[in-house]
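Here are the chains, one letter per residue:
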Amino acid sequence: MELRLASAKPSPRALAPGACPPLLLFSPLKPFPLLRLPPRRPTAARLRLRLRLRVAASGEGAASAGEEVFSGRRELTGVQPLVEALPPAARTAAELAVAAAAVAAGYGIGLRAGGGSRAAAVAGAAVLGAASVAGAAAVNSVVPEVAAVGLHNYVAGHDDPTKLENGEVEAIAKKYGVSTQDAAFKAELCDLYARFVYSVLPPGDEDLKGTEVEAIIKFKRALGLDDVDAANMHMEIGRRIYRERLETRDRDADMEQRRAFQKLIYVSNLVFGDASAFLLPWKRLFGVTDSQIDIAMRENAKSLYSSQLKSVGRGLDIGTLIDVRRAQLAYKLSDEIAAEMFRDHAKKLVQENISSALGILKSRIPDSLTQAVEEVKSVIKFNSLLTILSKHPQADRFARGLGPVSLVGEYDHDRRADDLKILFKAYATEVLSDGIVDDEKLAPLNELRNIFGLGKREAEGISSDVKAHIYRKTLAKSFNSDLASVPSKAAFLQILCEKLQFDPELASKMHEDIYRQKLQQFVADGELGKEEVEALMAFQVRLCIPQETVDAAHTEICGQLFEKVVKEAIASVDGYDADRREAVRKAAQSLNLKKEAAMAIFSKAVRKLFLSYIQRAKAAGNRIETAKELKKLISFNTVVVSELLAAIKGEPSPTAETEASIAASESEGEDDEYEWESLETLRKTRPDKELKDRLRKSSQKEITLKDDLPLRDRAELYETYLMFCITGETTNVSFGTAISTKKDNSEFLMLKQLGDILGLTRKEAQDVHIKFSEKAFVQQAEVILADGKLTEAKADQLAKIQKQVGLPTEYAQKIIKNITTTKLSSAIEASVARGQIGIQQVRGLRNANFQLDSLIAQPLRESIYRKTVDEIFSSGTGDFDEEEVYVKIPADLIISAEKAKSIVQDIAKVRLENSLVQAIALLRQKKRDDVLSSLNDMLACDAAVPASQPLSWPTPGELDDLYAIYLKGIPKPDKLSRLQYLLGISNEKANQLRDAASEGALPVTAQEEEELAF
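Residues numbered from 1 in each chain as written. Predicted model: local features only at pLDDT ≥ 70, side-chain atom pairs only at ≥ 80, totals over all residues. Heavy atoms only, no water.

Let us now look at the overall build of the protein. Looking only at helices and strands, the protein has 47 helices and 2 strands in total. Burial status across the protein gives 44% buried among its 1014 residues. Once local pairs closer than 6 in sequence are excluded, the contacts in the protein between residues at least 24 apart make up 74%. Taken as a whole, the protein presents about 53,300 Å² of accessible surface, with 53% of it coming from carbon and sulfur. (Helix = DSSP H or I, 4+ residues; strand = E, 2+ residues; numbered from the N terminus. Buried < 20%, exposed > 50% of the residue type's maximum accessible area, 1.4 Å probe, protein only. Contact = heavy atoms within 4.5 Å. Areas by Shrake-Rupley, 256 points an atom, 1.4 Å probe, with all protein chains shown as cover.)

Laid out in structure tokens, this is it:
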């Protein structure tokens, strides 16, 4: 069956006679009526057919493919062969002859039939003439179809349809006397065009070759089709592909049809150019979006441009670059994408060289380094050419994307970074092998660094390593020749560094490494001979190595060997003997170590062992075990450390210097002896003659733990051993008691040695002894002074204890004072709480030189002040001394003036009104003297805090009585006047009361006399 690109309802193959062609060009349900595509063939056959046609279209060969593209030749039927045989002129003459013969015959027949009637004859002629005309018309209607068949057979029989010319098509139309716009002929033209386009487009799984657009345009022009009819055929092909995609159920086939549809869109848009926007309604007919059209255009253009870029090699021919640019414009590819693709192509070429270079390096073939460097040079040359062409005056005519290449950003750049560094190092090694570095060599190196995408520090590091290798090689070559003979070694080395542009600091570091390597080689047997020392001296002089560097190298390298010998010698006290002492002395001398370096190494090893003793002492279960570990430390220092230290320093055994060292230690403390001679524990650390005879060895004082332990820990260890010296070793017996089993004064001498090991100064050791004595004295003094009272008997008892512990008098007095003060403070606070201490007692304590702030707390002193002020306001005198209240009393109680004034004001405000209420109450009780006292208290409160207005009371008569009573007491005028103001008595009333008083007629007096008479 025939395959159609139309809808499911295809139209007939040919139009009915006299029918008009369809008016709608792009209706999906009304495809072009004459469009028939070749029947579906097997895949292999289709590929062969299209391949042959595309080969023909590209001009690479000629193959007879017309029949396979446009189907086989068609046969004529009916009158068509007759029409085919007659040319247009003959056909017209024959038609006229037949018409004339028919008219004549009709005329004769009508004449005979009509009995010779002329009318009948004319009628007969008209009938037969009309019949002949109808026959001629029928024959002429077949002419366009015959012309279409002729056109089809001509094109199908053409060996190369792409070589068809427009004149050939016009000749066929002229041959049959028809127009190319005739419906049947035009339909055949459209059918041939559609079949050609469909055959030129590659399958979905193949890429465009780039010649399709040119072949289609050429064939369209040969057929003489206008753009509208040709565009209609492109739409019909799109319908065919679209329907096949909807009918397929295979994912792969669906993708193939999708790609085929994208190729159709791309080729069609290129064929019609700018007119494709209105000639090819992809969005309206197929529902595709602008982005999908853009994708189809972009991806196919990229595919074609990628094929075009294969012509660009490392030579970068200008003509090729211009052709690539033209192809890009023809393919409608944007400059941005084209530039990116060109850069990717350039990177690919560079990566091919890199892979080749790496393969050569890893193959380890002879001269592999040179061959790999040639590949790298090819990369640099290619990159330089790209850079130069990018700056060419006519660069606008070249392919986009010209410029230097950089592999930074590639997906595998990090993975291949090590390989790139290897290539960079290989190139740098080859280029700088002559030992001279200049700008001509540095420029390619920098360019290669940019190509490989290496960081500046990475490249500098690699270059520095290469320079260091070349520098070392050059140095080894000239060490015993040029370098040995030149007068200035430093100038020679400086010239080497300048030629290589090598950092002098790195060169100095290399010199040090060379010296260290030689030193390690020489001391491998454990000692340095005379020749080896001279050789090392030559290295030092020729390489200009500073003496400090040499000393540091000897200290580190020889020190390791010496440290090993020292550790073996000091491993334990029991294993130490004269042989080990001699081994240490020999190692210190044979390794050519300076005394300071040997001392530093020995000190480090010894202090490490000292700390191990200290750790075991701290981890001991009790004080006795701790002291035993400390004794081991002291013995180790005396027996081993002191002996080895003397051997390292080249001094005789410390046994011979025992007496001198002891005398020196005694003279060392003579300045302080007059002050601390009472401390028995400290005095015992100075050995007498008996101890001198028993302890013949002195201990060293140079290696201490002063910088390894904090002072607090060292003092604590010293105090622990001091306690052991006093109590001695103890043994637990039954019933939880312990008895002293061993106590020897020689322990005090070991205590002094422990102090030297711990790095305690004489002052720090004295502080520990004083602290210990104070603790013992405090424990007994607190028991004696439990009641806080120091009697004469208690003082004598404390003096004896002070003498026993050897504590100085000023320290003992201070402790006694602190204890009594603490006890007294507790008693005073209790008395204050009970109200037994007032301001007079406080002043007595101050006169006795007691520190009141330490005896009485701040709240209690404020409480005493409140009580004192309250007593002033309740004394009944009416007096208020501001200096006494605000200055003297606060000073005695150590209270600030602001605080004192605040307390006074608070009390005065409350007692002012309370005094009035109390006076009224006493007035009602007829207690005249108490009334006067209350009024005086009120005046005292007012003096402290003057009232801003008179006091209020509901019964003014009682206020008059209060005034009268106070008037009768003959008060001072200023107090009477202030009382008048406070009670709110007017001047008139006050005058009346004063007159009555002068006459002895006060109401209160009269009332008292009446009560007396009663």
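Structure shown, so let's carry the discussion forward.
A word on the packing of aromatic side chains. Evaluated as defined, the whole model comprises 10 aromatic pairs. Seen in terms of ring centroids, Tyr721 and Phe724 are 5.5 Å apart; in terms of plane orientation they differ by 45 degrees. Their pairing is tilted. Within this pair, Tyr721 and its partner Phe724 are both found in helix H33 (residues 711–727), separated by 3 residues, close to a single helical turn. On the basis of relative accessibility, which here comes to 0%, the residue Tyr721 falls in the buried class. (Phe/Tyr/Trp six-rings, centres within 6.5 Å; stacked < 30°, edge-to-face > 60°.)

Let's shift gears to the pattern of salt bridges. Counted under the stated rule, the structure contains 28 salt bridges. Two residues, Lys509 and Asp513, come together in a salt bridge whose shortest N-O distance is 3.1 Å. Placement of the pair is Lys509 and Asp513 together in helix H23 (residues 504–522), with a separation of 4 residues, close to one helical turn. We classify Lys509 as partly exposed; its relative accessible area is 43%. A relative accessible area of 28% places Asp513 in the partly exposed class. For Glu512, the salt bridge goes to Arg516, with nearest N and O atoms at 3.3 Å. With Glu512 and Arg516 both in helix H23 and 4 residues apart, this pair spans about one turn of that helix. Here Arg516 falls in the buried class, since its relative accessible area comes to 16%. When salt bridges that share partners are traced, they join Arg325, Asp335 and Arg400 into one network. (Salt bridge = Lys/Arg side-chain N within 4 Å of Asp/Glu carboxyl O.)

The first and last C-alpha atoms of H23 sit 27 Å apart over 19 residues, in line with the 27 Å expected at 1.5 Å per residue. Residues of H23 that are buried in the fold lie against helix H20 (456–478), helix H22 (489–500), helix H24 (530–542) and helix H25 (547–569). Its side-chain oxygen at 3.2 Å from the backbone nitrogen of Glu505, Asp503 defines the N-terminal cap of H23. (Expected span 1.5 Å × (residues − 1). Polar contact = N/O pair within 3.5 Å; in protein donor to acceptor, adjacent residues only side chain to side chain.)

To continue, consider the environment of Arg195. Looking at the secondary structure, you find Arg195 in helix H8 (residues 183–200). Classification of Arg195 by relative accessible area gives buried; the value is 4%. It is 9.2 Å that separates the C-alpha atoms of Arg195 and Ser71, two residues lying 124 residues apart in sequence. Here the side chain of Arg195 touches Asp191 through a polar contact of 2.8 Å, side chain to side chain.

A few words on the confidence of the model for the protein. Residues shown with low pLDDT carry predicted positions that ought not to be read at fine detail. Chain-level pLDDT for the protein is 75 on average; 74% of the residues reach the 70-or-more range. This stretch, residues 656–679, has a pLDDT under 50; its non-local contacts, to residues over four places away or in other chains, come to 34 contacts. The low-confidence segment residues 687–696 (pLDDT under 50) makes 15 contacts with residues lying over four places distant or belonging to another chain. (pLDDT = per-residue confidence, 0-100.)

Turning to the environment of Tyr718, a few remarks are in order. Residue position: Tyr718 is located in helix H33. By relative accessible area, Tyr718 is classed as buried at 2%. Along the backbone, Tyr718 and Leu758 are 40 residues apart, and their C-alpha atoms lie at a distance of 8.1 Å. Once you skip the residues sitting within four places of it in the chain, Tyr718 turns out to touch Leu751, Leu754, Gly755, Leu758, Leu760, Ala765, Val768 and His769.

Further remarks concern the packing of H20 against H23. How two helices pack is summed up by the angle between their axes together with the distance between the axes. Relative orientation of the contacting elements H20 and H23 amounts to 55 degrees, with a least axis distance of 11 Å. Judged by the angle between their axes, H20 and H23 are oblique. Considering only the axes of H20 and H23, their crossing is right-handed. In contact with Ser464, Ala468, Tyr471, Arg472 and Leu475 of H20, H23 contributes Leu506, Ala507, Met510, His511, Ile514 and Gln517. For the contact of H20 with H23, the per-class residue count stands at 7 nonpolar, 3 polar and 1 charged. (Axes fitted to C-alpha atoms, helices over the stretch in contact; angles between N-to-C directions. Parallel < 35°, antiparallel > 145°, perpendicular 65-115°, else oblique. Left-handed = near helix turned anticlockwise from the far one by under 90°. Nonpolar A, V, L, I, M, F, W, Y, C, P; charged D, E, K, R; others polar.)

Before going further, it helps to spend a moment on helix H26 (residues 578–590). Helix length check: H26 (13 residues) gives 18 Å between terminal C-alpha atoms against 18 Å at 1.5 Å per residue, within 8%. All buried positions along H26 are accounted for by Val584, Ala587, Ala588 and Ser590. Following H26 by one or two positions, Asn592 adopts a phi angle in the positive range, close to 60 degrees.

In this fold, His554 is placed in helix H25. Residue classification places His554 among the buried residues on the basis of a relative accessible area of 9%. Within polar-contact distance, the side chain of His554 engages the side chain of Tyr515 at 3.0 Å. Not counting the four nearest positions on each side in its chain, His554 is found in contact with Tyr515, Leu519, Leu528, Leu536, Gly559, Leu591, Asn592 and Leu593.

This paragraph deals with unusual backbone geometry. The phi dihedral of Leu316 is positive, around 55 degrees, even though this residue is not glycine. Looking at the secondary structure, you find Leu316 in the loop between helix H14 (290–309) and helix H15 (318–330). The exposure class of Leu316 is buried, given its relative accessible area of 6%. Phi at Lys332 takes a positive value of approximately 60 degrees, unusual for a residue other than glycine. Note that Lys332 resides in the loop between H15 and helix H16 (335–363). For Lys332, a relative accessible area of 54% gives the class exposed.

Let's shift gears to the nonpolar core. Judged by nonpolar contacts, the single largest core of 191 residues is most densely connected at Tyr193, Trp282, Phe452, Tyr471, Phe562, Phe602 and Tyr721. Examining the composition of this core, we find that 12 residues originate from one element, H16, more than from any other. Those residues in contact with Tyr471 that sit more than four places away from it in its chain are Leu493, Leu496, Cys497, Leu500, Phe502, Ala507, Met510 and His511. (Core = buried A, V, L, I, M, F, W, Y, C linked by side-chain atoms within 4.5 Å.)

Relative to the elements of secondary structure, Leu361 occurs in helix H16. Considered as a pair, Leu361 and Leu423 are 62 residues apart in the sequence and their alpha carbons are 8.5 Å apart.

Viewed as axis vectors pointing N to C, helix H42 (residues 897–924) and helix H44 (residues 956–968) meet at an angle of 85 degrees, and their least axial separation amounts to 10 Å. One way to sum up the angle between H42 and H44 is to call them roughly perpendicular. Contact with H42, carried on its side by Leu916, Ala919, Ile920, Leu923 and Arg924, involves Glu958, Leu959, Asp961, Leu962 and Ile965 of H44 and no other residues of that element. Considered class by class, the residues forming the contact of H42 with H44 number 7 nonpolar, no polar and 3 charged.

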